[in-house]
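The residues making up each chain are set out below.
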Amino acid sequence: MTDTAASPEGASQPAFQSASQPLRNFYLGRQPVLDRNQALFGYELLFRGSAQGPAQIDSGLSASAGVLHHASQLGLARAIGDATAFLNVDTDVLMSDMFAFLPRERTVLEIVRSVVPDDAVIRRMTALSAHGFRFAAEASAHGPGLARLLPVVDFVKMDLRELPVVSLLSLAPRLRGTGKRLVAEKVESHSEYRTCLDLGFDYFQGYYFAKPTVIAGRKLSPSQAAVMDLLHLVVSDADNAAIERAVKQDVTLGLNLLRLVNTPAAGAGRRIESVSQAVILLGRRQLQRWLQILLYAEPGTRGHNASPLLMLATTRARLMELLAQRLRPGQRNVADIAFTVGMMSLMDTLFCISMQDIVEQIPVIDEVRHALLVRRGFFGELLRLAESLERIDGAQDEVTPALHELSMDGDDLAELEVSAFEWSDKVVRYAI
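Residues numbered from 1 in each chain as written. Predicted model: local features only at pLDDT ≥ 70, side-chain atom pairs only at ≥ 80, totals over all residues. Heavy atoms only, no water.

What the chain contains, in helices and strands, is 22 helices and 8 strands. When the 432 residues of the chain are sorted by exposure, 55% land in the buried category. Total accessible area computed for the chain in this model is approximately 18300 Å², and 50% of it derives from carbon and sulfur atoms. (Helix = DSSP H or I, 4+ residues; strand = E, 2+ residues; numbered from the N terminus. Buried < 20%, exposed > 50% of the residue type's maximum accessible area, 1.4 Å probe, protein only. Areas by Shrake-Rupley, 256 points an atom, 1.4 Å probe, with all protein chains shown as cover.)

So, on to the pairing of strand 4 (residues 107-111). By the criterion of burial, strand 4 is predominantly enclosed, with 5 of the 5 residues buried. Covered by surrounding structure in strand 4 are Thr 107, Leu 109 and Ile 111 together with Val 108 and Glu 110, the residues of both alternating faces. Of the pairings in the sheet, the one linking strand 3 (residues 84-89) to strand 4 comprises 5 bridges and is parallel in character. Bridge pairing in strand 4 places Val 89 opposite Ile 111. Pairing geometry for strand 4 and strand 5 (residues 134-138), over 4 bridges, is parallel. Pairing of Val 108 across the sheet is with Arg 134, part of strand 5. (Pairing = 2+ DSSP bridges.)

Let us look at the side chain of Glu 390. Mapped onto the fold, Glu 390 is located in helix 20 (residues 377-390). The class for Glu 390 is buried, based on a relative accessible area of 11%.

Turning our attention to the packing of helix 15 (residues 308-327) against helix 20. Relative orientation of the contacting elements helix 15 and helix 20 amounts to 130°, with a least axis distance of 10 Å. Taken together, the axis directions place helix 15 and helix 20 in an arrangement best described as oblique. The two elements helix 15 and helix 20 cross, and the hand of that crossing is right-handed. Residues Leu 312, Arg 316, Leu 319, Met 320, Leu 323, Ala 324 and Leu 327 of helix 15 lie in contact with helix 20, whose contacting residues are Phe 378, Phe 379, Leu 382, Leu 383, Leu 385, Ala 386, Glu 387, Leu 389 and Glu 390. Residue composition of the contact of helix 15 with helix 20, grouped by class: 13 nonpolar, no polar and 3 charged. (Axes fitted to C-alpha atoms, helices over the stretch in contact; angles between N-to-C directions. Parallel < 35°, antiparallel > 145°, perpendicular 65-115°, else oblique. Left-handed = near helix turned anticlockwise from the far one by under 90°. Contact = heavy atoms within 4.5 Å. Nonpolar A, V, L, I, M, F, W, Y, C, P; charged D, E, K, R; others polar.)

Along the chain, Ala 265 turns up in the loop between helix 13 (251-261) and helix 14 (275-296). For Ala 265, a relative accessible area of 13% corresponds to the buried category. It is 5.9 Å that separates the C-alpha atoms of Ala 265 and Val 427, two residues lying 162 residues apart in sequence.

Right, let's get into empty space enclosed by the protein. As enumerated under the stated definition, the model contains 2 cavities of 30 Å³ or more in all. As a volume, the largest cavity reaches approximately 190 Å³. What lines the largest cavity is a set of 18 residues, and nearest its centre among them are Arg 30, Tyr 207, Leu 312, Thr 315 and Glu 390. Those elements giving two or more residues to the lining of the largest cavity turn out to be strand 1 (26-35), helix 15, helix 20 and helix 22 (410-430). With 6 residues, helix 15 is the single largest residue contributor to the lining of the largest cavity. Per-class residue counts for the lining of the largest cavity are 12 nonpolar, 2 polar and 4 charged. (1 Å grid on protein atoms, 1.4 Å probe; cavity = no way out; pocket = protein on both sides within 12 Å on 5 of 7 lines; lining within 4 Å. Points joined across faces, edges and corners; volume = space filled by probe spheres on them.)

Phi angles above zero are rare outside glycine, and Asp 237 is one such case at about 65°. Despite not being glycine, Arg 375 has its phi angle at roughly 55°, a positive value. Its place among the elements puts Arg 375 in the loop between helix 19 (366-374) and helix 20. A residue is classified by how much of its surface remains accessible, and Arg 375, at 22% relative accessible area, is partly exposed.

With that settled, the discussion passes to the nonpolar core. The biggest cluster of nonpolar side chains holds 133 residues, and the ones touching the most others in it are Phe 201, Trp 290 and Tyr 296. If we ignore the near neighbours within four places in the chain, the residues touching Phe 201 are Arg 36, Met 158, Leu 168, Ala 172, Leu 182, Val 183, Ala 184 and Cys 196. By size, the runner-up hydrophobic cluster in this structure holds 8 residues, among which are Phe 41, Phe 86, Val 183 and Tyr 203. (Core = buried A, V, L, I, M, F, W, Y, C linked by side-chain atoms within 4.5 Å.)

So, about the side chain of Thr 340. Mapping Thr 340 onto the fold places it in helix 16 (residues 332-344). Leaving out residues up to four positions away in the same chain, Thr 340 has contacts with Gln 288 and Gln 292.

This brings us to the environment of Ala 338. Mapped onto the fold, Ala 338 is located in helix 16. Ala 338 has contacts with Ala 317, Met 320, Glu 321, Ala 324, Phe 379 and Leu 382, leaving out every residue within four places of it along the chain.

Should their charged atoms come close, side chains of opposite charge can pair. Going through the model one piece at a time under the given rule, you end up with 24 salt bridges. Glu 387 is paired through a salt bridge with Arg 375; the nearest N and O atoms lie 2.7 Å apart. A residue pair is termed long-range when its members are at least 10 positions apart, and Glu 387 in helix 20 and Arg 375 in the loop between helix 19 and helix 20 qualify at 12 residues. Taken together, the salt bridges that share partners define one network made up of Arg 285, Arg 289, Arg 318, Glu 321, Arg 332 and Asp 336. (Salt bridge = Lys/Arg side-chain N within 4 Å of Asp/Glu carboxyl O.)

Right, let's talk about the pairing of strand 6 (residues 155-159) for a bit. For strand 6, the buried fraction is high: 5 of the 5 residues fall into the buried class. Where burial is concerned, the two faces of strand 6 agree: the one with Phe 155, Lys 157 and Asp 159 and the one with Val 156 and Met 158 are both buried. Alignment of strand 5 against strand 6, held across 3 bridges, turns out to be parallel. Across the sheet, the residue bridging to Ala 137 is Val 156, located in strand 6. What joins strand 6 to strand 7 (residues 181-185) is helix 9 (residues 165-177), and the crossover it makes is right-handed. (Right-handed = clockwise from strand over helix to strand, strands pointing away.)

Now for the packing of helix 12 (residues 240-248) against helix 14. Between helix 12 and helix 14, the shortest axis-to-axis distance is 11 Å and the interhelical angle comes to 105°. Taken together, the axes of helix 12 and helix 14 are roughly perpendicular relative to one another. Note on element contacts: helix 14 touches helix 12 through Val 275, Ser 276, Val 279, Ile 280, Arg 284 and Leu 287, opposite Asn 240, Ile 243, Glu 244 and Val 247. Here the contact of helix 12 with helix 14 is composed, by residue class, of 6 nonpolar, 2 polar and 2 charged.

Quick look at the structure:
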């Protein structure tokens, strides 16, 4: 696909120069879009402008083609793996010639609410559709204009925070009748997920799967219990022979551990064939890391079918580790602790018990306890930053001051985020 092929009919100038000036300083937001089985389908990516201190902040939408261009230089594929990318586009971006670098088979262009679906917009969308791009529109945002967009969109999004249930009950069947794929946005609880599932929604967006639900009497699954027992041995500095014996008592655990430590993300340098090798070559800290990851793994699921909690936890933990490395260079222990805090921060959801109970059951230092319970201290600040970045809405007010406090700019953060996304994708794709 060439720039000419993607150009609007009659375009007289290279569209990149015609778009607003490139915005060099930005950071990313990435929120998973899950299918009816809660397996990963794609990510909505949001490129937010950032500024040091109290300077003006960009609107938050992909209103600048320069932002997307810069994102392509970082490597869009690194941010999404082999999932589908949902990218917000306004009229300027839609009418530009900057689509050549996008993987069209894995890109959905989401028409933002500021776009007026006039004849020129519909012609442009039709032309891009012919080149393999797909489109999404939000039902609540476009109102009457949705009727004009429907023939050229593949996905219709419905914001659960904006649309009352009575509207969902009316709209969902009608839109499904047109053959459109329905995406429920801002799903914040499992009850909302179940409601939308019953209404026939195809995809679900929002961190409902990461909300802790405390269930009295909840017990760990046999695989989780085995991993937890082994994790306790590693943390309590048991000897290698005891660790090996514990692994050999559970064949599945041993196989999964060896598969995990041989992923590209592990960087072991050479293939590890036995648990004793893993313990010796990786060291206790790395072994602890892979056991923490195994806690989130559901037996028999790999790649896109893996638990969304696994994807979220590994991304969050890796980002916190990279931030700690950047901010406290040379202090490996600090980076290791940051990774652990990131992994543990979702264990209340994973085990359906309170975080207070978790930190009482798992021996952690006071800094980790404070980070997990009250988001205080160095690790608590990193955790709050990571959590803010995961939220599509309203993160700028929290992220920008944090960047200023950490003496980082948006570009630094964006590169670390993409590296974390890429690392997590490798873990999820090749492990478990």
